[in-house]
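Below, each chain spelled out in residue letters.
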2 protein chains.
Amino acid sequence: MATRVSTVAILGLGLIGGSLARALKANAFCERVIGYGHRAPSLEKGVALGVIDSFTLDLDEVIESADILVICTPTLIAEQVLEQILPRIAGRQDAPVVTDAASVKGNLESAARRICDGRYPANFVLGHPIAGSEQSGVAASKADLYVNHRVIITPVAENDAAALDLVRDMWAATGAEVVDMSVAQHDAVLAATSHLPHVLAYSLVDALAQSDASDEIFRCAAGGFRDFTRIASSDPVMWRDIAIANKGALLDSIDLFSEHLASLRAAVEAQDSDGMHATFTRAKAARDEFAAILAERQGDKAES
Amino acid sequence: MATRVSTVAILGLGLIGGSLARALKANAFCERVIGYGHRAPSLEKGVALGVIDSFTLDLDEVIESADILVICTPTLIAEQVLEQILPRIAGRQDAPVVTDAASVKGNLESAARRICDGRYPANFVLGHPIAGSEQSGVAASKADLYVNHRVIITPVAENDAAALDLVRDMWAATGAEVVDMSVAQHDAVLAATSHLPHVLAYSLVDALAQSDASDEIFRCAAGGFRDFTRIASSDPVMWRDIAIANKGALLDSIDLFSEHLASLRAAVEAQDSDGMHATFTRAKAARDEFAAILAERQGDKAES
């Protein structure tokens, strides 16, 4: 039997927040979902689409009426939202649980400590659903976005156990697989699997677009290049903000990658047939295993 | 009305050669397609599947009976095949046209000059169909593999105009779009759009697989990572050989990319918000335009 609360508030109603709202309503985790933001139009659309039950532009009203506040804004905006919320609930016994869905956790942990003068608020739980879409906006939200996707919770020492459990239960209710990780490990893992690949794809496409032969290059590129560069079609503002928020781990990832690329470059230059074959074979084995696990987890059709 | 010849010979009957055979028969470009190779099993399968009409293991018989020989072997094997064919047809007026489908052109041009003591054979036409699949082997071949795909012909000064036209006509008969390019430009463009992305994908996956956190990394990776690394599941032998055959252009591509990555790294380190935003925005615009053109050309469903 899932935990059930009265009211969940979504702060920032886009794809991520809208899909969470839909999933929580579909699975009867709460009696109602309210929206909050600075501007009415997307919230009005959310009500019209049945994604949320009501909305307000008044943060104090949200804090009074909700059991859980979920910050679903872009990464850097989440810091600003924390600056408004945390002082309002500091020291209150009846304060709601606050959590977030941003892509980087270290910057928000630091922001929370800074805002609260070093005393991390026990009921602020850092979380990150590993799900998304090339589409954005509340109209693209869907109730099954999180089904069989991972949600990473990054507890800190000061966290209240009940607050952590409530957030875990909330995500479990969406059909997600909830796992714990340290803040540092989360940011390193996401840098490696997501932030670095975006940087590489953006860098490659920009390098080719600026070359003298760019017309011929893009005219001759085919399906492999399309898949490899798909993430370079992502939102530049979102990825600029993630690169700012996760600077340290991203730089570490870029450096690790650059060392490996330099080794492979040396093998190409030396025509080191065995060295190249060993690298490509190890990589293929790791990638095939990853793809098989992902396909099984997501029920996707298996890749050949 | 398409050119029509009596016999086309496929040397190396896999996905590429098998698909060419099927397309030429389906479009009645020739009266018959024969297969040639060192081993009977794939050739017997080709006959059983109706991909080719007959086969032989005797190269002299192929040269006597075919109007066009198409070398469809892996990249480095193509050099060895040229060493067997070119001495047999040197100076013969009735020699068949010889062409190939390998991924790199510069090494084959050099090989042809070396084999023929500096006199490039006028009826050897360098070509490269930009098509493929993650599947391989004659059983995966299909008649429409080349439809709306590009085939690049790289004429050299010594080429006979009629030989060039015959090879262009052959590929046009498969539904491909045939374009000319210089050998150097072909190898540079393919390095940029195909060989470099494979090196980057292999390098990334191998770097992550060797990291201490590799289990967590691959467990948390999602769809974006799957698409980005799909080409790291490609055949290691094929890509080792391409890296050997196209060493010069590949090294240039790696260096161009590394310079751009270093610039972007500097922007991340400096938290240069405007610089990152400008790079990501330029890349997104170029990638969106590329994807739209590719979707229109291939009749794929448009990407959002």
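The structure we're discussing is the one just above.
Here we summarise the structure given alongside this text. Since we're looking at a predicted model, the values are computed, not measured.

### Observations regarding the layout of surface pockets
Residue and element names in this part refer to chain A.
Moving on, step 1. Its boundaries defined by the atoms lining it, the second largest pocket holds a volume of some 370 Å³.
Moving on, step 2. Ile89, Ala90, Gly91, Pro121 and Asn123 are the residues nearest the centre of the second largest pocket, which is lined by 19 residues in total.
Moving on, step 3. No other element matches helix α4 (residues 75–89), which puts three residues into the lining of the second largest pocket.
Moving on, step 4. Split by residue class, the lining of the second largest pocket holds twelve nonpolar, three polar and four charged.

### Focus: the pattern of salt bridges
Moving on, step 1. Tallied over the entire structure, the rule returns 46 salt bridges over all chains.
Moving on, step 2. The salt bridge partner of Arg265(A) is Asp255(B), with a shortest N-O separation of 2.7 Å. Here Arg265(A), found in helix α11 (residues 247–269), pairs with Asp255(B), found in helix α11 (residues 247–269), and the two come from separate chains.
Moving on, step 3. A salt bridge links Asp227(B) to Arg226(B); its shortest N-O distance comes to 3.8 Å. Summarising the burial analysis for this pair, Asp227(B) and Arg226(B) share the class buried.
Moving on, step 4. Look at the salt bridges and you will find they share partners, linking Arg226(A), Asp227(A), Arg230(A), Arg226(B), Asp227(B) and Arg230(B) into a network.

### Things to note about helix α10 (residues 236–245) of chain B
All names here are of chain B.
Moving on, step 1. For α10, the buried fraction is high: eight of the ten residues fall into the buried class.
Moving on, step 2. If you check which residues of α10 are buried, you get Pro236, Trp239, Arg240, Asp241, Ile242, Ala243, Ile244 and Ala245.
Moving on, step 3. The opening residue of α10 is aspartate 235, an N-cap whose side-chain oxygen sits 3.2 Å from the backbone nitrogen of valine 237.

### A short note on the pairing of strand β2 (residues 30–36) of chain B
On a regular strand, each side chain points to the face opposite its neighbour's, so the side chains alternate between the two faces of the sheet.
Residue and element names in this part refer to chain B.
Moving on, step 1. Within β2, five of the seven residues are buried, leaving the element largely enclosed by the surrounding structure.
Moving on, step 2. Note: strand β1 (residues 5–11) against β2, six bridges, orientation parallel. For leucine 11, the partnering residue across the bridge sits in β2 and is tyrosine 36.
Moving on, step 3. In this structure, β2 lies alongside strand β3 (residues 54–56), joined through three bridges in parallel fashion. Note on β3: the bridge partner recorded for isoleucine 34 is serine 54.
Moving on, step 4. Traced from β2 through helix α2 (residues 40–48) to β3, the parallel crossover comes out right-handed.

### A look at the relation of the copies chain A and chain B
Moving on, step 1. Expressed as a screw transformation, the operator carrying chain A onto chain B has a rotation angle of 180 degrees and an axial translation of 0.0 Å, and the superposed copies differ by an RMSD of 0.0 Å. Those values place the two copies in the arrangement expected of a two-fold rotation axis. Among all residues of chain A, the one whose C-alpha sits closest to the rotation axis is Phe228(A), at a distance of 2.1 Å.

The rules behind these values
Residues numbered from 1 in each chain as written. Chains lettered and ligands numbered in written order. Predicted model: local features only at pLDDT ≥ 70, side-chain atom pairs only at ≥ 80, totals over all residues. Heavy atoms only, no water. 1 Å grid on protein atoms, 1.4 Å probe; cavity = no way out; pocket = protein on both sides within 12 Å on 5 of 7 lines; lining within 4 Å. Points joined across faces, edges and corners; volume = space filled by probe spheres on them. Helix = DSSP H or I, 4+ residues; strand = E, 2+ residues; numbered from the N terminus. Nonpolar A, V, L, I, M, F, W, Y, C, P; charged D, E, K, R; others polar. Salt bridge = Lys/Arg side-chain N within 4 Å of Asp/Glu carboxyl O. Buried < 20%, exposed > 50% of the residue type's maximum accessible area, 1.4 Å probe, protein only. Polar contact = N/O pair within 3.5 Å; in protein donor to acceptor, adjacent residues only side chain to side chain. Pairing = 2+ DSSP bridges. Right-handed = clockwise from strand over helix to strand, strands pointing away. Least-squares fit on C-alpha atoms with pLDDT ≥ 70 in both.

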